[in-house]
Amino acid sequence: MVGARPNLVKAAPLVRTLARDGAACWVVHTGQHYDHEMSRVFFDELELPEPDAFLGVGSGSHGVQTATALVRLEEWLQANPVRAVLAIGDVNSTLAAALAAVKLHVPVAHVEAGYRSRDMKMPEEVNRLVTDHISALLLAPTGDARDNLLAEGIGPERIRLVGNLMAETFLAHRDRAAEARPWERHGVEPGGYLLATIHRPENTDDPQRLSRICHELAAQPLPVVWPAHPRTRAALEAAGAAPAAAAGGLRVTGPLPYVETIGLVGGAAAVVTDSGGVQEEACLAGVPCVTVRTSTERVATIEAGANRLAEPEALGASVTGALGAPRGWIVPEWWDASVSARASAALREAFPPG
Ligand code: UD1
C-alpha cells in the first residue's frame, strides 16, 4: 500500500525484489498524493509498476483523509484477499492500510517500523505508534528503531532489523543523479549552494515561523535552491512571505523529481530541511544537514554527526556550524543496497507461501 511521495521511494526496491523472489505483489495507491510531480513522476523514475488500484483519496483533514483511505482500502481488501499487507512509512495512508487490514484479520508488515520523535503533535508519530502496535511484522530501519520497539514491549520475534529502503534507492540512483549535474539547471555551482525543503505544517502553517525561515534563508551568503511542496507554496503566498522568498539568493521552485532532488542534495554545501527522508539522504550523501524541527525520529543521523536540529531563529548560526563541522561520518549500519533482500527474506519467513 502506498499513498504519498516518500512511500514510493521506499516501495520501489521492495516491489522489485519481491517480484524477483517470486512473490505475487499488488501495488495499491490510495491517491493521498495525486499531482504529477508528487506521484506519477516517481513511478516513472523509480520504475515502479503501475498501481493495480488507484483509490483517489486526495487531500483533506486528517480525519477525512485517513477515513476515506480506510474505507476504500477495506473495500479493496475484501475484493482481493491477500496473504499480508505492507504498510510503508508513517503517512496517513500507512495508518489507514494497517487499520483496514488488521480488522479483516490480514496480517500487517510495517516497513520503517520503530522510528520515534516522541512528539505526539506530529501526525506521523501517531501514525507510527498505532501502525507498529497493530502490525505482525516490524521491519526496522535502524538499531535505535528496533530498540524503541523492544522498549515498548513488542516481542523480539515480531521485529527484524533490515535497514533503510530509502538508502537502497539512494545508492541505486546516486551516480546517475550526479552525472546529470542538476545544479546547472538552477544556476548554482556544486558545493556552492544550500538546498532547502520545508513542508511540515508546524513550519508552513504558522506565518511568523515561515517568514522567519524565509528571512534566515534569504540572509545566507550562499544561494539557496528551495523546491517547495504545494502546501509550502500556498503558505508562502498566504503569509505574505512570497516577496522574501523571491529575494536574495533564494530560488524557489515547484516539487522536483527524485533523481534531480538527490543530485541537488549531493551537490549542496549543506541541506536545510524538515523532511525525514531528506535528513537520511543528506547523511548518505556526506552533506551536513540542519533540520528545522524540535525533534527528529532520524536520531541515527544525529548520532552519526551528519545532522543537527535548529529552531528558525537559530537557523543561520546552525548552517554556519554545519558548514564548518567535520565530515566523513559513518553512515548508519544496514543502510546499504541489500535492504529489500533482507526485507523480502523476513516477509517470506513470516508469511510462508501457501
Ligand atoms: C504527507 C505526510 C508527511 C510526508 C509528506 C511527504 C501525512 C500526515 N503527512 O504530508 O509525513 O512527509 O506527505 O510529501 O500523511 N497537495 C497537493 N498535491 C498533492 C498532494 C498534496 O497540492 O499531490 C497539497 C494539498 O493542498 C494538501 C496538502 O498538500 O491538502 C497536504 O497534503 P497531505 O497529503 O495532507 O500531507 P503532506 O503535507 O503532503
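Everything discussed here concerns the structure shown above.
Quantities reported herein were computed from a predicted structural model and do not represent experimental measurements.

The parallel open sheet is built from 6 strands, whose spatial order is 9-8-7-10-11-12. The open sheet has two edge strands with one neighbour each: strand 9 (250–253) and strand 12 (307–309). On average, adjacent strands in this sheet sit at an angle of 20° to one another, irrespective of strand direction. Judged from the 4 bridges that link them, strand 8 (residues 224–227) and strand 9 form a sheet pairing that is parallel. Each residue of the ladder has a partner; that of Val225, found in strand 9, is Arg251. Sheet contacts for helix 14 (residues 276–285): strand 7 (194–197), strand 10 (270–273), strand 11 (289–291) and strand 12; angle to strand 10, the most-contacted strand, approximately 170°.

Our next topic: the packing of helix 4 (residues 92–103) against helix 5 (residues 123–134). The N-to-C vectors of helix 4 and helix 5 enclose an angle of 25°; their axes lie 9 Å apart at closest approach. When the axis of helix 4 is compared with that of helix 5, the two are roughly parallel. For helix 4 against helix 5, the interelement crossing comes out left-handed. Across the interface between the two elements, Asn92, Thr94, Leu95, Ala98, Leu99 and Val102 from helix 4 touch Asn127, Val130, Thr131 and Ile134 from helix 5. Its residues placed into classes, the contact of helix 4 with helix 5 shows 6 nonpolar, 4 polar and no charged.

The subject of this paragraph is the environment of Pro312. Turning to its location among the elements, Pro312 is positioned in the loop between strand 12 and helix 16 (315–324). A relative accessible area of 1% means that Pro312 is categorised as buried. Between the C-alpha atoms of Pro312 and Val27, which are 285 residues apart in sequence, the distance is 39 Å.

As a matter of local geometry, the ligand sits amid 19 residues, with His33, Asn92, Glu124, His229 and Arg231 nearest to it. The contact in question runs from an oxygen atom of the ligand to an N or O atom on the side chain of His199, over 2.9 Å. Here an oxygen atom of the ligand and a side-chain polar atom of Arg231 are 2.3 Å apart. Coverage of the ligand by the protein amounts to 85% of the 750 Å² it exposes when considered alone. Among the elements of the structure, helix 1 (5–20), helix 3 (62–79), helix 5 and helix 11 (230–238) are those that each provide at least two residues to the shell around the ligand. Split into classes, the residues belonging to the shell around the ligand amount to 6 nonpolar, 8 polar and 5 charged.

This paragraph deals with the pairing of strand 8. On strand 8, burial covers both faces: Val224 and Trp226 on one face and Val225 and Pro227 on the other are all buried. As paired elements, strand 7 and strand 8 share 2 bridges and run parallel to each other. Across the sheet, residue Leu194 finds its bridge partner in strand 8, namely Val224.

This next bit is on empty space enclosed by the protein. Enumeration over the complete set of coordinates arrives at 1 cavity of 30 Å³ or more. In this structure, the largest cavity occupies an estimated 50 Å³ of space. Forming the boundary of the largest cavity are Lys10, Val111, Glu112, Pro141, Gly163, Asn164 and Leu165. Tallied by class, the residues present in the lining of the largest cavity amount to 3 nonpolar, 2 polar and 2 charged.

Calculation rules
Residues numbered from 1 in each chain as written. Predicted model: local features only at pLDDT ≥ 70, side-chain atom pairs only at ≥ 80, totals over all residues. Heavy atoms only, no water. Pairing = 2+ DSSP bridges. Helix = DSSP H or I, 4+ residues; strand = E, 2+ residues; numbered from the N terminus. Axes fitted to C-alpha atoms, helices over the stretch in contact; angles between N-to-C directions. Contact = heavy atoms within 4.5 Å. Parallel < 35°, antiparallel > 145°, perpendicular 65-115°, else oblique. Left-handed = near helix turned anticlockwise from the far one by under 90°. Nonpolar A, V, L, I, M, F, W, Y, C, P; charged D, E, K, R; others polar. Buried < 20%, exposed > 50% of the residue type's maximum accessible area, 1.4 Å probe, protein only. Near = heavy atom within 4 Å. Polar contact = N/O pair within 3.5 Å; in protein donor to acceptor, adjacent residues only side chain to side chain. Areas by Shrake-Rupley, 256 points an atom, 1.4 Å probe, with all protein chains shown as cover. 1 Å grid on protein atoms, 1.4 Å probe; cavity = no way out; pocket = protein on both sides within 12 Å on 5 of 7 lines; lining within 4 Å. Points joined across faces, edges and corners; volume = space filled by probe spheres on them.

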